[in-house]
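Coordinates in review
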Amino acid sequence: MPGLLGKKIGMTSVFSADGKNIPCTVIELGPCVVTQLKTVEKDGYTAVQVGFEEAKEKNTTKPMMGHFKKAGTTPKRHLAEFTYEEEHNLGDVITVELFNDASYVDVIGTSKGKGFQGVVKRWGFGGVGQSTHGQDDRLRKPGSIGACATPSRVFKNLRMGGHMGNEQVTTQNLQVIKIIPEHNLLLVKGSVPGYKGSIVIVNK
C-alpha cells in the first residue's frame, strides 16, 4: 500500500465550503528519499525503502553511512518500507503530492504513553459505587480476579492494571481536507495518534 513517512505537527481547524468548522491534524509529509530497492531475487519480496528527516553524520553508524552513500543521499533519521506499483530509482524524492488523488488515508502512529494505570482508567471499570465481588472497601480496585477452586488459577489476558499507551495505533479512513505542497503539509480530518512531533506513517 503506497505511503510516506511524516511528522505530526499539531491540530488546527478549517472552514468547509458550507461554513462548517472542521477539526484537522496537520502532518508534515515528506519529502522522503528512496534509500533502497528490494527485489524478489535478492530479498524475497518487492518493496521500496524511504528515508525521512536529516540526521547528523556523527550520529549515524558507518554501515548506515555506506547504505545512504550507495543511494546518493545524506543520512536520514527514520526509515520505512512501502510497496509501490510505479517504478522508482535510488535517490528519488517522493513528496506529499503522492496523495493528490487520495480522498481518505490511514495513519499509523505511537500513542501517548500514560505510564502505569489502574483498571478504572485503563479498562473503564466501574470503580466507585461497586460493592460486590470482594470490592466493598476499595473504591478503584479490580475486585475478584477468579475462583479459588476451579480453575485454581487466573485466566490469561485478564484485564488488570498495567502499562497504558505507548503502543502502535492505526487510525483508518481519515478524510483528506487539504494538501499544501509548497510546505509539504497534509491536513486530515480528526485526530491522529501520538504527541506533537512524533513520527507517523500515512497510507492511501
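One structure accompanies this document, and this report is about it. (Residues numbered from 1 in each chain as written. Predicted model: local features only at pLDDT ≥ 70, side-chain atom pairs only at ≥ 80, totals over all residues. Heavy atoms only, no water.)

**Remarks on the pattern of salt bridges**
- As enumerated under the stated definition, the model contains five salt bridges in all.
- In this structure, Arg 77 engages Glu 53 in a salt bridge whose closest nitrogen and oxygen atoms are separated by 3.9 Å. On the criterion of sequence distance, the pair formed by Arg 77 in strand β5 (residues 76–82) and Glu 53 in strand β4 (residues 47–54) is long-range, its members being 24 residues apart.
- The structure contains a network of salt bridges with shared partners spanning Lys 7, Glu 53 and Arg 77. (Salt bridge = Lys/Arg side-chain N within 4 Å of Asp/Glu carboxyl O. Helix = DSSP H or I, 4+ residues; strand = E, 2+ residues; numbered from the N terminus.)

**A look at the sheet that holds strand β6 (residues 93–94)**
- An order of β5-β4-β3-β6 is seen for the four strands of this open sheet, with the pairing classed as antiparallel. Strand pairing shows two members of the sheet lacking a second neighbour, β5 and β6, which therefore form its edges.
- This element, helix α2 (residues 62–71), spans β3 (32–38), β4 and β5 of the sheet and lies at about 95° to β3. (Pairing = 2+ DSSP bridges. Contact = heavy atoms within 4.5 Å. Axes fitted to C-alpha atoms, helices over the stretch in contact; angles between N-to-C directions.)

**Overview of the nonpolar core**
- Core analysis: the biggest nonpolar cluster contains 26 residues, and Leu 4, Ile 27, Leu 29, Phe 99, Val 105, Val 107 and Val 202 have the highest contact counts within it.
- Per-element tally for this core: the top contributor is β4, with three residues.
- When neighbours within four sequence positions are excluded, Leu 4 is seen to be in contact with Leu 29, Cys 32, Phe 82, Tyr 84, Ile 94, Thr 95, Val 96, Leu 98, Phe 99, Val 200, Ile 201 and Val 202.
- Core analysis: the next-biggest nonpolar cluster, separate from the first, contains six residues, Ile 22, Val 26, Ile 180 and Leu 187 among them. (Core = buried A, V, L, I, M, F, W, Y, C linked by side-chain atoms within 4.5 Å. Buried < 20%, exposed > 50% of the residue type's maximum accessible area, 1.4 Å probe, protein only.)

**Let's talk about a nonpolar patch on the surface**
- On the surface, a cluster of nonpolar side chains totalling about 290 Å² of accessible area is made up of Ile 145, Val 154, Leu 158 and Met 160.
- With respect to the helices and strands, Leu 158 occurs in the loop between α3 (119–123) and β9 (162–164). (Patch = residues over 30% accessible without salt bridge, like charges linked within 9 Å, V, L, I, M, F, W, Y side chains within 5 Å. Areas by Shrake-Rupley, 256 points an atom, 1.4 Å probe, with all protein chains shown as cover.)

**Comments concerning the environment of Val 14**
- By the element assignment, Val 14 lies in strand β1 (residues 3–15).
- Residue Val 14 is classed as partly exposed on the basis of its relative accessible area of 22%.
- Through-space distance from the C-alpha of Val 14 to that of Lys 112 is 25 Å; in sequence the pair is 98 residues apart.
- Residues within four places of Val 14 in sequence aside, it is in contact with Lys 20, Asn 21, Ile 22, Cys 24, Ile 177 and Leu 187.

**Remarks on the sheet that holds β1**
- What the six strands build is a closed barrel, ordered β1-β2-β11-β10-β7-β12; its pairing is antiparallel. Going from strand to strand, the sheet's axes swing by 50° on average, the running direction of each strand aside.
- Direction of pairing for strand β7 (residues 104–110) relative to strand β12 (residues 199–203): antiparallel, over a ladder of three bridges. Note that in β12 the partner of Asp 106 across the bridge is Asn 203.

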